[in-house]
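These are the residues of each chain, in order.
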Amino acid sequence: MADDEALEAAVRRALGSVIDPEIRKPITELDMVPGVSVQGGQVTVDLRLTVAGCPAAVSIERDVRTAASSVDGVSEVSVSVGVMDAATRDALTARLRGDRPSGHPFTADSLTRVIAVTSGKGGVGKSTITANLAVALAARGLSVGLVDADVFGFSIPGLLGIADAKPTPVGELIMPPRAHGVAVISIGMFVDARTAVSWRGPMLHRTVQQFLTDVHFGDLDVLLLDLPPGTGDVAISIGQLLPHADVIVVTTPQTAAADVAERSALVARQTGQNVIGVVENMSGLVQSDGSVLELFGSGGGADTAERLGVPLLAKIPLSVALREGGDAGEPIVLRPGDAAGDAIARLADELARRGRGLAGRKLGLSPR
Ligand code: ADP
């Protein structure tokens, strides 16, 4: 009897190493193991999934078996899989949500750094850079979330190779799919790819707010936001919801684009956001003979940065490999050696370094 009790305690301890891949916490802390019974060396684990049809069910059950079997004295493991009742799930989601005020993305003392990436116009590579930057930051050991708020031109899931991924609702929370170490949520996961999204301001505002409040990102070091180009409703909503976000403006070397890039940055500033710098994308293409083809001219990034009085953070050259990586859902930053990928990696290094300098700074969300 005493042996059974000791074995049960050892099995429970072992189950503490099983992590729910979506919530990213031990299942024993998520009320997912209401019972462990032991008879001789035979162990039965009562496993309750958060939702029916949980996509992670197979891997969780496998990990439970492996963990329980690894305990000395266990000869046989059976796992009885069920789904937690609504009351337990509600209590769990309330706990995960923590003490975030309703409608607010973060708790008041959150240290998550928010970086919104914006551009004056579409097609300048804003999403490509945001996706690569997110992956590069995650590869540096940071906990990274990415919100694709480009509601009309959502492309982040494809760029990260998870075009068909769907988030899992758990009670009132939404568990974001993960790709290359980044927790990702996109409007593209909620609508048919061929459906035109034609929402008006209030609907967009609610959607963005829901992304920020109901999606369970866990404790993030950095939350990146891919904003729609221009100065529209979403940019203004983000400004209201996250007035202390940092903003990076992406533009091309074409000096004619500097005007529109500057305008989108000024909107961010008006809502209290902090424009930290400009990234010039589609800079000169280095050719096989070593000469540089400036397809889109030169100087646009520096021009925009100067007008805004902020640094030019990076110049990312035109690159076939960067484009191909995006098309294939394999971000180029995962394969060092490409000039564009390496430039984004250096930008990630710079941002990761600055992030640490912010330790202890409060996000200071103002009540709306
Ligand atoms: P945006 O988000 O600004 O609309 P995208 O990231 O969708 O722009 O990029 C537009 C197109 O340009 C995509 O086909 C992308 O692969 C390509 N692209 C972006 N940056 C580069 C670059 N540095 N070199 C080559 N192609 C690029």
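Throughout what follows, the structure given in this document is the object of discussion. (Residues numbered from 1 in each chain as written. Predicted model: local features only at pLDDT ≥ 70, side-chain atom pairs only at ≥ 80, totals over all residues. Heavy atoms only, no water.)

## Comments concerning the overall build of the protein
Moving on, step 1. Summing up its helical and strand segments, the protein has 11 helices and 15 strands in all.
Moving on, step 2. Across the 368 residues that make up the protein, the buried fraction comes to 53%.
Moving on, step 3. Within the protein, contacts between residues at least 6 apart in sequence are counted, and of these 75% link residues at least 24 apart.
Moving on, step 4. Of the roughly 16300 Å² of accessible surface on the protein, 51% is carried by carbon and sulfur atoms. (Helix = DSSP H or I, 4+ residues; strand = E, 2+ residues; numbered from the N terminus. Buried < 20%, exposed > 50% of the residue type's maximum accessible area, 1.4 Å probe, protein only. Contact = heavy atoms within 4.5 Å. Areas by Shrake-Rupley, 256 points an atom, 1.4 Å probe, with all protein chains shown as cover.)

## Observations regarding the environment of Asp-150
Moving on, step 1. In this fold, Asp-150 is placed in the loop between strand E5 (144-148) and helix H5 (156-159).
Moving on, step 2. Classification of Asp-150 as buried rests on a relative accessible area of 6%.
Moving on, step 3. Distance in space between the C-alpha atoms of Asp-150 and Asp-226 is 5.9 Å, their sequence separation being 76 residues.

## Looking at the site of the ligand
Moving on, step 1. Around the ligand there are 14 residues in total, and Gly-123, Ser-127, Thr-128, Asn-281 and Ser-319 lie nearest to it.
Moving on, step 2. In this structure, an oxygen atom belonging to the ligand sits 3.0 Å away from a main-chain N or O atom of Val-124.
Moving on, step 3. The backbone of Gly-125 places a nitrogen or oxygen atom 2.9 Å from an oxygen atom of the ligand.
Moving on, step 4. Contact with the protein chains hides 77% of the accessible area of the ligand, taken as 570 Å² for the molecule alone.
Moving on, step 5. Put simply, the parts of the chain that give the shell around the ligand at least two residues each are helix H4 (126-139), strand E12 (274-283) and helix H10 (320-328).
Moving on, step 6. With three residues, the top contributor of residues to the shell around the ligand is H4. (Near = heavy atom within 4 Å. Polar contact = N/O pair within 3.5 Å; in protein donor to acceptor, adjacent residues only side chain to side chain.)

## A closer look at the packing of helix H8 (residues 258-270) against helix H9 (residues 300-308)
Moving on, step 1. One way to put it is that H8 packs onto H9 with a least axis distance of 9 Å and a crossing angle of 35°. Every pair of crossing elements has a handedness; the one defined by H8 and H9 is right-handed. Contacts from Ala-258, Asp-259, Ala-261, Glu-262, Ala-265, Leu-266 and Arg-269 of H8 reach H9 at Gly-300, Asp-303, Thr-304, Arg-307 and Leu-308.
Moving on, step 2. Of the residues assigned to the contact of H8 with H9, the class counts are five nonpolar, two polar and five charged. (Axes fitted to C-alpha atoms, helices over the stretch in contact; angles between N-to-C directions. Left-handed = near helix turned anticlockwise from the far one by under 90°. Nonpolar A, V, L, I, M, F, W, Y, C, P; charged D, E, K, R; others polar.)

## Side note on helix H2 (residues 57-69)
Moving on, step 1. Taking 1.5 Å as the rise per residue, H2 with 13 residues should run 18 Å; its terminal C-alpha atoms sit 18 Å apart, in good agreement.
Moving on, step 2. By the burial criterion, the buried members of H2 are Ala-57, Ile-60, Val-64, Ala-67 and Ala-68. One face of H2 carries all of its buried residues, which in axial projection span an arc of 100°. Turned more than 90 degrees off the buried face of H2, the exposed positions are Val-58 and Thr-66. (Expected span 1.5 Å × (residues − 1). Arc of directions from axis to C-beta.)

## Quick word on the pairing of strand E4 (residues 113-119)
Moving on, step 1. Within E4, seven of the seven residues are buried, leaving the element largely enclosed by the surrounding structure.
Moving on, step 2. Because side chains alternate across E4, one face comprises the buried residues Arg-113, Ile-115, Val-117 and Ser-119, and the other comprises Val-114, Ala-116 and Thr-118, equally buried.
Moving on, step 3. Judged from the five bridges that link them, E4 and strand E10 (residues 222-226) form a sheet pairing that is parallel. When the sheet's bridge partners are listed, Val-114 is paired in E10 with Leu-223. (Pairing = 2+ DSSP bridges.)

## Some points on the sheet that holds strand E9 (residues 182-186)
Moving on, step 1. One open sheet holds the eight strands; their spatial order is E8-E9-E5-E10-E4-E11-E12-E15, and the pairing between them is mixed. Each end of this open sheet is capped by a strand with a single partner; those strands are strand E8 (178-179) and strand E15 (312-317).
Moving on, step 2. Where H9 meets the sheet, it contacts strand E11 (246-251), E12 and E15, and its direction lies at approximately 165° from that of E12.

## Section: the pattern of salt bridges
Moving on, step 1. Under the defined criterion, the tally for this structure stands at 15 salt bridges.
Moving on, step 2. The salt bridge involving Arg-65 is made with Glu-61; its shortest N-O contact spans 3.2 Å. Of this pair, Arg-65 and Glu-61 both sit in helix H2, four residues apart, which is roughly one turn of the helix.
Moving on, step 3. Note on Arg-65: relative accessible area 32%, which makes it partly exposed.
Moving on, step 4. Classification of Glu-61 as partly exposed rests on a relative accessible area of 25%.
Moving on, step 5. The partner of Arg-307 in a salt bridge is Asp-303, with the nearest N and O atoms 3.7 Å apart. Here Arg-307 pairs with Asp-303, and both are found in helix H9, just four residues apart, close to one helical turn. (Salt bridge = Lys/Arg side-chain N within 4 Å of Asp/Glu carboxyl O.)

## A closer look at the sheet that holds strand E1 (residues 35-39)
Moving on, step 1. The three strands are arranged E1-E2-E3 in an open sheet whose pairing can be described as mixed. Because the sheet does not close on itself, it has two edges, and the strands there are E1 and strand E3 (76-83). Each strand axis lies, on average, 15° off the axis of its neighbour in the sheet, ignoring direction.
Moving on, step 2. As defined by bridge partners, strand E2 (residues 42-49) adjoins E3 across eight bridges and the pair is classed as parallel. For Val-43, the partnering residue across the bridge sits in E3 and is Val-77.
Moving on, step 3. Against the sheet, H2 touches E2 and E3, its axis set at about 150° to E3.

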